[in-house]
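# Coordinate inspection notes
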Amino acid sequence: MNELSPIFLPGNGTSRCLECQVIQSPLAGVSDQIFRKLVRRWAPKALLFTEMVNAKSLELGHGEEKVNELAEEIGPIGVQLFDHRPDSMIDAAIKAELSGAFLIDINMGCPVKKISKKGGGSALLKEPELAQLIVKKVSKAISIPVTVKIRLGWCETTSNPVSFALGLQDAGAQLITVHGRTRKQGFSGYANWEAISKIKKSLDIPIIANGDIKNARDAINCLETTNADGVMIGRASMGAPWLIGQINEELKNKKTFKPPDAKMKVSLSLEHLKLLVSKKGNHGLLIARKHMNWTCRGFQGSSALRHNLVRAKNPKDAIKLLEDELIKLN
Ligand SMILES: Cc1cc2nc3c(=O)[nH]c(=O)nc-3n(C[C@H](O)[C@H](O)[C@H](O)COP(=O)(O)O)c2cc1C
């Protein structure tokens, strides 16, 4: 594997440098401010993303909390926007830049029907000219870099990912993240890293490889296959906010990282729950359920703990369950 270098993005007046080449995926419903705060404990310099933001809503003044929170972010934070209307994208990108975004990412991969039916997310993979127009207009309107996250195409028979990516580069995209699946594939099969390598070979801008990277070994294999400039990790980090830092540490410093033990997983879950409840009240427990369910795994008694946690009726009961588990583990 080639030595990874910092990734320089010139912007349109405001340049940015990514010192960490292991990047946290935008994850709707997961990568909120509290999750990101935990990820930064192990990966303070990594680029993290907001959950995707509906550009039209932001233009109309809704959903602003996702960008208003940026001021509290202590490391590089990309705002990911989705829509198909260039003017809405421009307006939202300007708002996000003013709120402190490190860069703006445009979503051209989301397979969710509610979004693609209206022309946003992966639907743009079928509209290369519109996709380029959006990138061109947004890049001109803001001074920070514009990046794009794509899939390999709408479906295998109609897609030409190299030509699509080249078009985005010509339009002003300064980095492209490629999830190595088509829209039609959803999350089935395996990510096609070979196809990402073809894009990397044909473009001059940095390429980030994404899809099916679960640990440092996968990251090394992916980097060797694709020759990409960095990797992005999604699902494997759900419930594992240490993973970005762990992979970065193992890739860069060749150090073995001690994965969290049972006690640490339980105290992390307790902290996560308390942070969510203090921000969102009882609703925080509903959000915390999935995180606790992902994190509290792989140790003796974890299955019973998860069984009880999903049944906890209020935050107080869930906190007590985790505190009692910690006493048992001490
Ligand atoms: C729960 C969930 C939410 C996601 N939300 C987004 C999103 O908001 N924006 C985006 O570009 N991709 C989103 N993705 C896709 C991931 O960022 C990533 O591209 C995909 O999961 C493949 O990477 P992985 O194999 O490392 O998970 C989401 C995926 C999942 C599972």
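Computed from a predicted model, the values in this text were never measured in an experiment.

Broken down by element type, the protein carries 14 helices and eleven strands. Over its C-alpha atoms the protein spans a radius of gyration of 20 Å, differing by no more than 12% from the 20 Å that the globule rule assigns to 330 residues. Residue burial in the protein is summarised as follows: out of 330 residues, 55% are buried. Split by element, the accessible area of the protein, about 14800 Å² in all, is 51% carbon and sulfur. Positive and negative charge centroids in the protein, built from 47 and 33 side chains respectively, lie 5 Å apart.

Right, let's get into the site of the ligand. If you check the shell around the ligand, you find 16 residues, and the closest are Q80, K149, N210, D212 and R235. N107 places a polar side-chain atom, nitrogen or oxygen, 3.3 Å from an oxygen atom of the ligand. In the environment of the ligand, an oxygen atom lies 2.6 Å from a nitrogen or oxygen atom belonging to the side chain of N210. Surface burial for the ligand is 86%, taken as the share of its 610 Å² of free accessible area covered by protein chains. Here the shell around the ligand is built from residues that sort into six nonpolar, seven polar and three charged.

What follows deals with helix α12 (residues 283-295). The α-helix advances 3.6 residues per turn, and as a result positions three or four apart in sequence lie on the same side. Compared with an ideal rise of 1.5 Å per residue, which puts 13 residues at 18 Å, α12 spans 19 Å between its outermost C-alpha atoms and is within 8% of the ideal. Helix geometry: α12 is bent most strongly at R289, by close to 30 degrees. Of all the positions in α12, only G284, L285, I287, A288, H291, M292 and T295 are classed as buried. Tucked into the core, α12 has its buried residues touching α1 (33-42), α11 (262-280), α13 (302-311) and α14 (315-329).

Once the domains are mapped, the protein shows domain 1 (7-252) and domain 2 (262-329). For domain 1 and domain 2, the distance between their C-alpha centres works out to 30 Å. On the domain 2 side, the residues contacting the 15 residues of domain 1 number 13 residues. Contact between domain 1 and domain 2 buries roughly 1200 Å² in total, counting both sides, with carbon and sulfur atoms accounting for 68%. Considering only the side of domain 1, the residues that lose the most area to domain 2 are I34, L38 and G239, jointly responsible for 37% of the buried surface there. For the pair domain 1 and domain 2, the number of links is two salt bridges. E271 is the salt-bridge partner of R41, the closest N and O atoms lying 2.5 Å from each other. Applying the counting rule to domain 1 against domain 2 returns five residue pairs in polar contact (both at pLDDT 80 or more). Residue classes in the side of domain 1 that touches domain 2 are distributed as eight nonpolar, three polar and four charged.

In this fold, N330 is placed in the segment after α14. According to the relative accessible area criterion, N330 is exposed, its value standing at 67%. Placed 67 residues apart in sequence, N330 and K263 show a C-alpha to C-alpha distance of 7.7 Å. Side-chain polar atoms of N330 contact the side chain of K263, separated by 3.1 Å.

Rules of the game
- Residues numbered from 1 in each chain as written.
- Predicted model: local features only at pLDDT ≥ 70, side-chain atom pairs only at ≥ 80, totals over all residues.
- Heavy atoms only, no water.
- Helix = DSSP H or I, 4+ residues; strand = E, 2+ residues; numbered from the N terminus.
- Rg over C-alpha atoms; globule rule 2.2 N^0.38 Å.
- Buried < 20%, exposed > 50% of the residue type's maximum accessible area, 1.4 Å probe, protein only.
- Areas by Shrake-Rupley, 256 points an atom, 1.4 Å probe, with all protein chains shown as cover.
- Lys, Arg positive; Asp, Glu negative; His and termini not counted.
- Charge placed at Lys NZ, Arg CZ, Asp CG, Glu CD.
- Near = heavy atom within 4 Å.
- Polar contact = N/O pair within 3.5 Å; in protein donor to acceptor, adjacent residues only side chain to side chain.
- Nonpolar A, V, L, I, M, F, W, Y, C, P; charged D, E, K, R; others polar.
- Expected span 1.5 Å × (residues − 1).
- Bend = angle between axes of the 7 residues up to and from the residue.
- Contact = heavy atoms within 4.5 Å.
- Domains from an automatic or database assignment.
- Buried area = accessible area lost by both parts, 1.4 Å probe.
- Salt bridge = Lys/Arg side-chain N within 4 Å of Asp/Glu carboxyl O.

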